[in-house]
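# Structural overview
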Amino acid sequence: NYSMNPLVIKFGGYQKPASINNAAARLFGEVLQARLGERIRFQLIGNVLDLGRPSGDLPVMVESGELSLCYISAVRFTDPVPEFKLLELPFVVRDRRSVHRAFAGEFGDLCKRRMRDATAFRLLGLWDNGFRHLTNRVRPIHTPADCRGLRIRTQMSELHGEALRALGFVPIPVDVKEFVEQIAGDRFDAQENPLTNTFNFGVHNYHRYITLTGHFFGATVMICNAQHYAGWPPEVQDAVAEAARQATALQLKLAAAEDEQILAKFDPRHNEVVHLTDAERAAFVAAVQPVLLKYRRELDPRLFAWIEPPS
């Protein structure tokens, strides 16, 4: 009897309420509630960092059943889903439209199958984690030479570390929780993130210089505990799939509009935004070629065709 015992569905994230990922998660809950009414109780735990948990605990919380769903960077899943490495390669994704099309097409389908076969999760949606840009507190970065010797916080990604080392950085991979806690100190000179995170985590208060490299493009996975999903009645599964579809559409739409909005929020008295010239950008692309070539040999060429814009 559902009215006596509503199904509790908890969704976890790691960002502030204003983030577009939490906006998408809220819409997910609203669609579920509208479809299922009293039969479910939806809870959004929008920022596990507030509970003292690192963002990397989210998949663990979903696997253990503490949460039913979460969103988290796809870099956490490159072992079970090697195809995600494609999205960690420097300067491979050039425009959003192509990558959004790949998410909705064969690339997305392949990732869903891989997640189902190799993990305890069901992939409900691929979200846009944005083009990643460099920020630092030392000097304006125009060329790879300007990166030399700067200690940079990176995501928990070996591949990101390789690419950033090729630019001259000294990579330090840590969870975003640890980075945000220590940003005011001198452990890190630099970091790289989508503009939304740079702003929402307050990085711009400590890093004067922002360089729009767009060196990586990130995906965020919206994942569900596969056993929970399998145990839900068909109408709940249908409602979850539909809510995930709408949440994903909203997230992709907001992500595409957000960079301009965030850029407008930086105060020129406190932040210097560097727009690379074509020649400067070409120097960054050239510096990471060895890393790119290594992985081009390792990954299926079809993958590259799926995300490259049609000529």
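So, how was this worked out
Residues numbered from 1 in each chain as written. Predicted model: local features only at pLDDT ≥ 70, side-chain atom pairs only at ≥ 80, totals over all residues. Heavy atoms only, no water. Helix = DSSP H or I, 4+ residues; strand = E, 2+ residues; numbered from the N terminus. Buried < 20%, exposed > 50% of the residue type's maximum accessible area, 1.4 Å probe, protein only. Lys, Arg positive; Asp, Glu negative; His and termini not counted. Salt bridge = Lys/Arg side-chain N within 4 Å of Asp/Glu carboxyl O. Polar contact = N/O pair within 3.5 Å; in protein donor to acceptor, adjacent residues only side chain to side chain. Contact = heavy atoms within 4.5 Å. 1 Å grid on protein atoms, 1.4 Å probe; cavity = no way out; pocket = protein on both sides within 12 Å on 5 of 7 lines; lining within 4 Å. Points joined across faces, edges and corners; volume = space filled by probe spheres on them. Nonpolar A, V, L, I, M, F, W, Y, C, P; charged D, E, K, R; others polar. Axes fitted to C-alpha atoms, helices over the stretch in contact; angles between N-to-C directions. Parallel < 35°, antiparallel > 145°, perpendicular 65-115°, else oblique. Left-handed = near helix turned anticlockwise from the far one by under 90°. Core = buried A, V, L, I, M, F, W, Y, C linked by side-chain atoms within 4.5 Å.

## A look at the side chain of glutamate 258
Relative to the helices and strands, glutamate 258 is located in helix α9 (residues 234-263). Buried charge without a salt bridge: glutamate 258, with lysine 265 as the nearest opposite-charge side chain at an N-O distance of 6.5 Å. At 3.2 Å, the side chain of glutamate 258 and the side chain of threonine 196 are in polar contact. Among residues more than four places away in sequence, those in contact with glutamate 258 are Ile20 and Thr196.

## A few points about empty space enclosed by the protein
Applying the stated criterion across every chain yields a total of three cavities of 30 Å³ or more. What the largest cavity holds in volume is close to 140 Å³. What lines the largest cavity is a set of 15 residues, among which Tyr14, Ser73, Arg153, Gln155 and Val176 lie closest to the centre. Those elements that provide at least two residues to the lining of the largest cavity are β3 (69-73) and β4 (121-136). Classifying every residue of the lining of the largest cavity by side-chain character gives six nonpolar, six polar and three charged. Estimates place the volume of the second largest cavity at around 100 Å³. Along its surface, the second largest cavity is lined by 15 residues, and Ile20, Asp128, Asn129, Thr196 and Glu258 are the ones closest to its centre. For the lining of the second largest cavity, the element with the most residues is α9, which contributes four residues.

## Remarks on the pattern of salt bridges
Following the criterion strictly, the structure yields 19 salt bridges and no others. Put simply, Arg53, Asp57 and Glu66 are held in one network by salt bridges that share partners.

## Let's talk about the packing of helix α1 (residues 20-36) against α9
Two elements in contact, α1 and α9, have axes whose closest approach is 8 Å; the angle formed by their N-to-C orientations is 150°. By the angle between their axes, α1 is roughly antiparallel relative to α9. Between α1 and α9 lies a crossing whose hand is right-handed. For the contact of α1 with α9, the residue count by class is 17 nonpolar, three polar and five charged.

## Quick word on the environment of aspartate 146
Inspection of the secondary structure assignment puts aspartate 146 in the loop between β4 and β5 (151-154). For the pair aspartate 146 and leucine 67, spaced 79 residues apart in the sequence, the C-alpha separation amounts to 43 Å. Setting aside chain neighbours within four positions, we find aspartate 146 in contact with Arg139, Pro140 and Ile141.

## Details of the layout of surface pockets
Considered as a void within the structure, the largest pocket measures approximately 320 Å³ in volume. For the largest pocket, the lining is made up of 16 residues, of which Lys112, Leu124, Gly125, Arg245 and Thr248 are closest to its centre.

## Focus: the environment of leucine 254
Among the secondary structure elements, leucine 254 is positioned in helix α9. Counting along the chain gives 234 residues from leucine 254 to isoleucine 20, while the straight-line C-alpha distance between them is 6.5 Å.

## Focus: the nonpolar core
Ranked by size, the top nonpolar core spans 91 residues in total, and within it Phe28, Leu32, Phe84, Phe107 and Phe169 carry the most contacts. Excluding residues within four positions of it along the chain, phenylalanine 107 makes contact with Glu83, Phe84, Leu86, Leu87, Ala102, Leu126, Leu303 and Trp306. By size, the runner-up hydrophobic cluster in this structure holds five residues, among which are Ile210, Leu212, Ile262 and Phe266.

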